Amino acid sequence: MTAKPQFLIGATASGSGKTTLTLGLLRALRNRGFRVQPFKCGPDYLDPKHHAAAAGRESYNLDLFMAPPEEVQRIYSREGENADICVIEGVMGLFDGYHNLQGSSAALASLLDLPVLLVVPARSTAYTVAATLYGFKHFRPEVKIGGVIFNWVNSPTHYASLEQACRDVGIEALGYLPPCPELEIPSRHLGLNIDSDFCFEDFAERVARQVEKTVRIERLLQIASCPFTGPQAEVSPTPVHSLRIAIARDEAFNFTYAENLHALARHGNLVFFSPLHDKALPPADFVYLPGGYPELHLPELSANESMRQSIRRYCENNGKLLAECGGMMYLCETIRDKDGTPYPVCGFLPCQATMENMKLHLGYRNIKLNGHEFRGHEFHYSRLLPEGPELATVGEITNARGTKADTLIYRKQQVVASYIHFYRAGQGSLLDIAEAVYGNNQDDCQ
């Protein structure tokens, strides 16, 4: 068993600066010539995109609600094997899970036996952080706090007081980030900014330079070095079928879990296409329309009539297709923007999607379909407005605590559509989820 630096970046609360620090560390370590493998605790779709851009390697979600512990360990071992350093960005506060500790960053760090690099905001405090650190150190002793990095530190004098607090508690201070607008990622209504006018490369390099100045990277790597367990047995990634699987990927559709694509690749060849820029759907046996930001590209999506008609014809000809969130919106008659202006889209589902009167729908989802059980996550502001014949629905959906959710899974012919972002099931894939829906009596689902 070899050892390598590996750690989870946690925080005292959301908004403490985990993502900024993670991106700066990923880029700084990459600039030093290390092969850095990033991961994200939880179901977030956007943080992993930034991780991949900063580290130059695909980032994988490690989610203890959507996957059993053994699968999480398997993904971590498989993807971390060929890396020099493994870095996991946590979710929310360190001990915040979908039900108390369950699914939390602390639970993940404990499962993988990794030290935690704790991010502590220091904007309006100094030595008082000693009490906070004492609580984090002793609340769950099995969760190892390897060191602390402070955010929004005003001066060396301010940091000296924070260092003293660490010494008195017995936790090592590993550096800080200063308050600086240039080190902050602009926010938008859903997650972190992915607009084209946000120059991520410049941002990543700025944060990396600051990390090199004020974070003790060498000491962090020493503290974080621990035994790495090699990959566990897994179904071979070699395709077991020869299906043609077409996946939408462009500025409008890009909310995909890396593990879902890894699992789909076992069924055949993955071909990516753009509903924004391509003229027609490529030849396919199965089509995946993931979520994204279609509402930010409505004029362009609507103007690409040849693609809209190509997808509609595929669906009408009994093509197998799975559409999630923004992908489902794209299959509707129209999508209305927040001002109520309608834009024609594919027109296969007899309803409209609208961004008017936006309201957040958020949470984990447990799905029972035709004797099978799957997991997923929901995060959207839009809603569907019925337009024609009522769509058939399938499955029983509950939230993480077992309470019935008002989320629906629609089926029309061989098309499955939902606001749920599905996650592969054990050794299965998104194709298995679609097949579970097709397993229902077809006469009852049309």
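Residues numbered from 1 in each chain as written. Predicted model: local features only at pLDDT ≥ 70, side-chain atom pairs only at ≥ 80, totals over all residues. Heavy atoms only, no water.

**A look at the overall build of the protein**
The helix and strand tally for the protein stands at 13 helices and 25 strands. Taken against the 2.2 N^0.38 rule, which gives 22 Å for 446 residues, the C-alpha radius of gyration of the protein at 23 Å falls within 12% of a compact globule. The C-alpha extent of the protein, read off along each of the three principal axes, is 70 × 50 × 40 Å. Split into buried and exposed, the 446 residues of the protein put 56% on the buried side. (Helix = DSSP H or I, 4+ residues; strand = E, 2+ residues; numbered from the N terminus. Rg over C-alpha atoms; globule rule 2.2 N^0.38 Å. Buried < 20%, exposed > 50% of the residue type's maximum accessible area, 1.4 Å probe, protein only.)

**A closer look at the packing of helix α3 (residues 69-80) against helix α4 (residues 105-112)**
Put simply, α3 and α4 touch, their axes get as near as 11 Å, and they point 70° apart. Relative to α4, the element α3 lies roughly perpendicular. Every residue of α4 that contacts α3 at Pro-69, Val-72, Gln-73 and Tyr-76 is listed here: Leu-108, Leu-111 and Leu-112. When its residues are assigned to classes, the contact of α3 with α4 shows six nonpolar, one polar and no charged. (Axes fitted to C-alpha atoms, helices over the stretch in contact; angles between N-to-C directions. Parallel < 35°, antiparallel > 145°, perpendicular 65-115°, else oblique. Contact = heavy atoms within 4.5 Å. Nonpolar A, V, L, I, M, F, W, Y, C, P; charged D, E, K, R; others polar.)

**Digging into the sheet that holds strand β24 (residues 415-418)**
Pairing is mixed in the open sheet, where seven strands are placed in the order β11-β9-β12-β14-β24-β23-β21. Only two strands of the sheet have a single partner each, and these edge strands are β11 (268-273) and β21 (392-394). Along the sheet, successive strands turn relative to each other by an average axial angle of 25°, direction set aside. Of the strand pairs in this sheet, strand β9 (residues 243-248) and strand β12 (residues 286-289) are connected by three bridges, and their pairing is parallel. By the bridge assignment for β12, Ile-245 is matched with Phe-286. The sheet contacts of helix α11 (residues 305-316) involve β11, β12, β14 (320-324) and β24, and relative to β14 the element is tilted by about 120°. (Pairing = 2+ DSSP bridges.)

**A few points about the pattern of salt bridges**
Following the criterion strictly, the structure yields 21 salt bridges and no others. Between Glu-71 and Arg-424 there is a salt bridge, and its shortest N-O distance comes to 3.5 Å. Residue Glu-71 is found in helix α3, and its partner Arg-424 is found in the loop between β25 (421-423) and α13 (430-438); the two are separated by 353 residues along the sequence. Assessed through its relative accessible area of 1%, Glu-71 is described here as buried. Across the pair Asp-285 and Arg-244 runs a salt bridge whose closest N-O atoms are separated by 3.2 Å. Remark: Arg-244 occurs in strand β9 and Asp-285 occurs in the loop between β11 and β12; sequence separation between them is 41 residues. A relative accessible area of 32% places Asp-285 in the partly exposed class. According to the relative accessible area criterion, Arg-244 is partly exposed, its value standing at 40%. Among the ionic contacts, a cluster of salt bridges with common partners joins Glu-71, Arg-78, Glu-79, Glu-259 and Arg-424. (Salt bridge = Lys/Arg side-chain N within 4 Å of Asp/Glu carboxyl O.)

**Considering α13**
With seven of nine residues buried, α13 lies mostly within the body of the structure. Among the residues of α13, Leu-430, Leu-431, Ile-433, Ala-434, Ala-436, Val-437 and Tyr-438 are the ones counted as buried.

**Digging into helix α8 (residues 217-224)**
Every buried residue belonging to α8 is among Ile-217, Leu-220, Leu-221 and Ala-224, and all of these are buried. Projected down its long axis, α8 carries its buried residues within an arc of 95°, all on one side. (Arc of directions from axis to C-beta.)

**Some thoughts on the packing of helix α1 (residues 18-31) against α8**
Their axes nearest at 12 Å, the elements α1 and α8 cross at an angle of 95°. Classed by the angle they form, the pair α1 and α8 counts as roughly perpendicular. Contact with α1, carried on its side by Leu-25, Ala-28 and Leu-29, involves Ile-217, Leu-220 and Leu-221 of α8 and no other residues of that element. When its residues are assigned to classes, the contact of α1 with α8 shows six nonpolar, no polar and no charged.

**Describing the UniProt feature "site: Increases nucleophilicity of active site Cys" (unreviewed entry) in the protein**
With numbering aligned to this structure, UniProt lists the feature "site: Increases nucleophilicity of active site Cys" (unreviewed entry) at His-421. Of note, His-421 is situated in strand β25. For His-421, a relative accessible area of 1% translates into the label buried. (UniProt positions renumbered as here; feature names shortened; annotations may be inferred.)

**Points about the UniProt feature "active site" (unreviewed entry) in the protein**
As recorded in UniProt, the sites labelled "active site" (unreviewed entry) are Cys-325. Here Cys-325 lies in the loop between β14 and α12 (326-330). Apart from the residues within four sequence positions on either side, Cys-325 is in contact with Gly-291, Phe-379, His-380, Ser-418, Tyr-419 and His-421.

**As for the sheet that holds strand β16 (residues 342-344)**
In spatial order, the strands read β16-β15-β17-β20; together these four strands make up an open sheet with mixed pairing. The sheet terminates laterally at β16 and β20 (383-386), the two strands that pair on one side only. Neighbour-to-neighbour, the strand axes of this sheet turn through a mean angle of 30°, independent of strand direction. As paired strands, strand β15 (residues 332-336) and strand β17 (residues 349-354) are joined by four bridges and run parallel to one another. For Thr-334, the partnering residue across the bridge sits in β17 and is Gln-352.

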